[in-house]
Structures are given as C-alpha cells and as structure tokens.
Amino acid sequence: MSYIIVDVESDGPIPHQYSMVCFGAVVLEPTLSKTFYGKTKPISEQWIPEALAVSGISRQEHEQFEEPEKVMENFAKWLSENSKNRPIFISDNPAFDWQWINWYFHTYLGKNPFGFSARRIGDLYCGMKMDTGLNAEWKKLFRKTTHDHNPVNDALGNAEALLAMKAMGLKI
C-alpha cells in the first residue's frame, strides 16, 4: 500500500454547489519528493470570497485554471505511477478534504482510485498516545513545513508529521 497525504483548498463548504480551487498530494516515503499539485477551474457560479481568500487565489486566477476532468485524469495517472497497489488517502481533515477529492473523481472519472475510505492524522496520533484530547498536538510537534494554505506545503507538513510518528513506532 502507498499512503498519500492530501490537502484541499476550496471556495466554499461543499462540492457541487461550490468549487475545489486546488489540492496537493505527497507520497509518504522518506524523501517526500513525490508531489502533485492540481488547480481546477470553477464548476459553479457560487463562491464565498472569504473561503477563496484562504487559498490566496483570486476569482480571476481561479477561472484560468485547468478543466477539472483533465486535472483529475492527471491526478489518477500520477497516483497509478506513484502507488503500490491501492493508494490510501490520509489528511489532517478527511471530513473536508475527502469529500472534494471523492466527488471530483466520481463526477469526472466515474471512480475514485482511493476507494471508499480515508485516515485522519490526528486520530492516528491520539491512538498512539492513548488520549483523544491530543488531536492537534502533532501539528505543533512534528510539522516542519509552514502551514500556509498552499496545499502542497500543507500536505508536506502533514507527511513530515507522519514520518515523525513512524519514527516513534507508528506502523505505517
């Protein structure tokens, strides 16, 4: 299995009514050198300026990005080239990130290479520490790359944390 850490930025709270702006992915391996950055054109006229502002991308820039179908095709190809067997989706917040990737894959390609499940980094850490109250501690302790809402950087920081957790004994 290959673990793929994913982060998504969007212009609203849910797919279809709003649009995914961009996403980043990184393969969990020692060098963290296998990354993907996808930028998708809006699929809706609806957008929330404050949500889009988080990404640092303007609506005009967003409108110039690639068609979502092409981006998702490229991502699926990248996953097949960089994964052993079925890739495993991991993120800081799969309740958010997963819904976007899953919806876009099913809408534009008819299937999701990740299957139907995801892992949450905070839950892995809480399990290691046997304390459900520590779900944000890992971010402060183990991320090296600054969390700046560039989804590749955010995915890299999360992958760095997972590598540190692996060094602590997490079997991943």
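Anything mentioned here points back to the structure above.
Everything quoted here is computed from the prediction, not taken from an experiment. (Residues numbered from 1 in each chain as written. Predicted model: local features only at pLDDT ≥ 70, side-chain atom pairs only at ≥ 80, totals over all residues. Heavy atoms only, no water.)

Peer 1: Which residues make up the overall build of the chain, and what are the values?
Peer 2: Along the backbone of the chain there are seven helices and five strands. The N-to-C order of helical and strand elements in the chain reads β-β-β-α-α-α-β-α-β-α-α-α. For 172 residues, the compact-globule estimate of 2.2 N^0.38 gives 16 Å, and the chain sits close to it at 16 Å. Each of the three principal axes of the chain carries a C-alpha extent, and together these read 45 × 35 × 25 Å. (Helix = DSSP H or I, 4+ residues; strand = E, 2+ residues; numbered from the N terminus. Rg over C-alpha atoms; globule rule 2.2 N^0.38 Å.)

Peer 1: So, the packing of aromatic side chains: which residues are in play, and what are the values?
Peer 2: Per the stated rule, a full pass over the model turns up 16 aromatic pairs. Relative to Trp100, the ring of Phe96 lies with its centre 6.0 Å away and its plane at 55°, an arrangement referred to as tilted. Residue Phe96 and its partner Trp100 are both found in helix H4 (residues 94–109); the two are separated by four residues, about one turn of the helix. Phe96 sits in the partly exposed class, given a relative accessible area of 24%. On the numbers, 6.4 Å between centres and 40° between planes, the contact of Trp100 with Tyr104 is tilted. With Trp100 and Tyr104 both in helix H4 and four residues apart, the pair spans about one turn of that helix. Taking relative accessible area as the criterion, Tyr104 reaches 0% and is therefore assigned buried. Taken together, the aromatic side chains of Phe23, Phe36, Phe75, Trp78, Phe89, Trp98, Phe105 and Phe114 make up a single cluster linked through ring pairs. (Phe/Tyr/Trp six-rings, centres within 6.5 Å; stacked < 30°, edge-to-face > 60°. Buried < 20%, exposed > 50% of the residue type's maximum accessible area, 1.4 Å probe, protein only.)

Peer 1: Just give me the short version of the packing of helix H3 (residues 68–82) against H4, but keep the residues and values in it.
Peer 2: Packing of H3 against H4 leaves a shortest axis separation of 9 Å and a crossing angle of 105°. The angle between H3 and H4 places the two elements in the roughly perpendicular class. Judged by residue contacts, Pro68, Glu69, Met72, Glu73, Phe75, Ala76 and Leu79 of H3 engage Ile101, Tyr104, Phe105, Tyr108 and Leu109 from H4. For the contact of H3 with H4, a count of residues per class yields ten nonpolar, no polar and two charged. (Axes fitted to C-alpha atoms, helices over the stretch in contact; angles between N-to-C directions. Parallel < 35°, antiparallel > 145°, perpendicular 65-115°, else oblique. Contact = heavy atoms within 4.5 Å. Nonpolar A, V, L, I, M, F, W, Y, C, P; charged D, E, K, R; others polar.)

Peer 1: Tell me about the sheet that holds strand S2 (residues 20–27), and name the residues and values.
Peer 2: Across the sheet, which stays open at both edges, the five strands sit in the order S3-S2-S1-S4-S5 with mixed pairing between neighbours. Each end of this open sheet is capped by a strand with a single partner; those strands are strand S3 (35–39) and strand S5 (118–120). The sheet shows a mean angle of 25° between the axes of neighbouring strands, direction not considered. Examined bridge by bridge, strand S4 (residues 87–91) and S5 share three bridges and lie parallel to one another. Counterpart to Ser91 in the pairing with S5 is Arg120. Sheet strands touched by H3: strand S1 (2–10), S2, S3 and S4. Its angle to S2, the strand with the most contacts, is close to 5°. (Pairing = 2+ DSSP bridges.)

Peer 1: Can you lay out the side chain of Asn158 for me, pointing to particular residues and giving the numbers?
Peer 2: As for its placement among the helices and strands, Asn158 is situated in helix H7 (residues 151–167). Classification of Asn158 by relative accessible area gives buried; the value is 1%. Ignoring any residue separated from it by four or fewer positions in sequence, one finds Asn158 in contact with Ile5, Asp92, Ile121, Trp138 and Arg143.

Peer 1: How would you sum up the nonpolar core? Please name residues and give values.
Peer 2: One finds Phe23, Phe75, Ile101 and Phe114 to be the most contacted residues of the largest nonpolar core, which totals 22 residues. Broken down by secondary-structure element, the contributors of at least two residues to this core are S1, S2, H3 and H4. For this core, the element with the highest residue contribution is H3, accounting for six residues. For Phe23, the contacting residues outside a window of four places in its chain are Asp7, Val8, Phe36, Tyr37, Gly38, Thr40, Val71, Met72, Phe75, Ile101 and Pro151. (Core = buried A, V, L, I, M, F, W, Y, C linked by side-chain atoms within 4.5 Å.)

It is worth stressing that arrangement in space is one thing and function is another; only the former is reported here.
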